[in-house]
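Geometric and topological summary
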Amino acid sequence: MKTMGIRWQLRLRMAERGMFATTELVPLLAERGVHLSREQVFRLVTQPPQRLSMETLAALCDILGCQPNDLIEIEATENRIRKTATAGGPAPTARRSTIHRPESAP
């Protein structure tokens, strides 16, 4: 079974262009009609977004002079299903055990 994920490269692309403060993006995005708060831009830079509007993506690409695939790398990882002792075989049965204690000496 494959699990799909993304590697978000916005911080790297910003650094390549000498942009190291997340707040530098706020006015540049606003110039392109994307109005985000400083906190929203900080989250956008520091963690992969769960959702991203096409307008924001286009604005980021314009600001950084890149293509969407420069910001988003798709990762597919193979998840191996671990077989357990019961997989494919009969379930183990429980046995009742009795503990015998040695007789104590007088």
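What you are looking at is a predicted structure, and each value in this text was computed from that prediction instead of being measured. Within each chain, residue numbers correspond to sequence positions counted from 1 in written order. Only residues with pLDDT of 70 or above have their local features reported here, since the model is predicted, and side-chain atom pairs are shown and tallied only from 80 upward, although totals for entire chains, interfaces and linings are computed over all residues. Note that the side-chain values use all heavy atoms of the structure and ignore hydrogens as well as water.

In this section: the overall build of the protein chain. Under the DSSP-based scheme used, a helix requires at least four consecutive residues in state H or I and a strand at least two consecutive residues in state E, with every element numbered from the N terminus. What the protein chain contains, in helices and strands, is five helices and two strands. For the protein chain, the sequential pattern of α-helices and β-strands runs β-α-α-α-α-α-β. The long-range share in the protein chain, meaning contacts at least 24 apart out of those at least 6 apart in sequence, stands at 65%. Split by element, the accessible area of the protein chain, about 8,700 Å² in all, is 52% carbon and sulfur. Should any heavy atoms of two residues lie within 4.5 Å, those residues are counted as being in contact. What sets the accessible areas is the Shrake-Rupley method with a 1.4 Å probe; for residues, cover comes only from the shown protein chains.

Site definitions follow a grid-based scheme: protein atoms alone, a 1 Å grid, a 1.4 Å probe that fits but cannot get out for cavities, and for pockets an open set with protein on both sides within 12 Å along at least five of seven lines, plus lining residues having an atom within 4 Å of a point. Grid points are joined across faces, edges and corners, and a volume is the space filled by probe spheres set on the points. Taken as a whole, the largest pocket encloses approximately 190 Å³ of empty space. As for the largest pocket, its lining consists of L36, Q40, R43, L44, P49, R51, L52, S53 and T56. Looking at the lining of the largest pocket, its residues break down into four nonpolar, three polar and two charged. We call Asp, Glu, Lys and Arg charged. Ala, Val, Leu, Ile, Met, Phe, Trp, Tyr, Cys and Pro are nonpolar, and the rest, Gly among them, are polar.

Moving on, we get to the nonpolar core. Residues belong to one nonpolar core when they are buried, are Ala, Val, Leu, Ile, Met, Phe, Trp, Tyr or Cys, and are joined through side-chain atoms within 4.5 Å. When a residue's accessible area, from a 1.4 Å probe over protein chains only, is under 20% of the maximum for its type it is buried; when over 50% it is exposed; and in between it is partly exposed. Ranked by size, the top nonpolar core spans 18 residues in total, and within it L10, M14, L25, L29, L60, L64 and L71 carry the most contacts. Only α1 (10–16), α2 (25–31), α3 (38–46) and α4 (54–64) provide two or more residues apiece to this core. With six residues, α4 is the single largest residue contributor to this core. Residue contacts for L10: discarding those within four places in its chain leaves L25, L44, V45, L60, L64 and L71.

So, about the pattern of salt bridges. By convention in these notes, a salt bridge is any Lys or Arg side-chain nitrogen within 4 Å of a carboxyl oxygen on Asp or Glu. On inspection of all chains with the given rule, the structure shows five salt bridges. Taking the shortest distance from any N to any O, the salt bridge between E16 and R13 comes out at 2.8 Å. Pair noted here: E16 and R13 are both in helix α1, with a separation of three residues, about one helical turn. Given a relative accessible area of 48%, E16 falls into the partly exposed group. Between R17 and E16 there is a salt bridge, with the nearest N and O atoms lying 3.4 Å from each other. Where salt bridges share partners, they join R13, E16 and R17 into one cluster.

Here we take up α3. Along α3, the residues classified as buried are V41, L44 and V45. For α3, the buried positions fall inside an angular range of 95° around the axis, keeping them on one side. Next to the buried residues of α3 lie β1 (2–8), α1, α2 and α4. Picture the helix axis, draw a direction to every C-beta atom, and the arc is the one those directions span.

This paragraph deals with α4. The set of residues buried in α4 consists of T56, L57, A59, L60, C61, I63 and L64. In this structure, the buried side of α4 is in contact with β1, α1, α2, α3, α5 (68–71) and β2 (72–78). At the exit of α4 stands G65, carrying a positive phi of roughly 60°.

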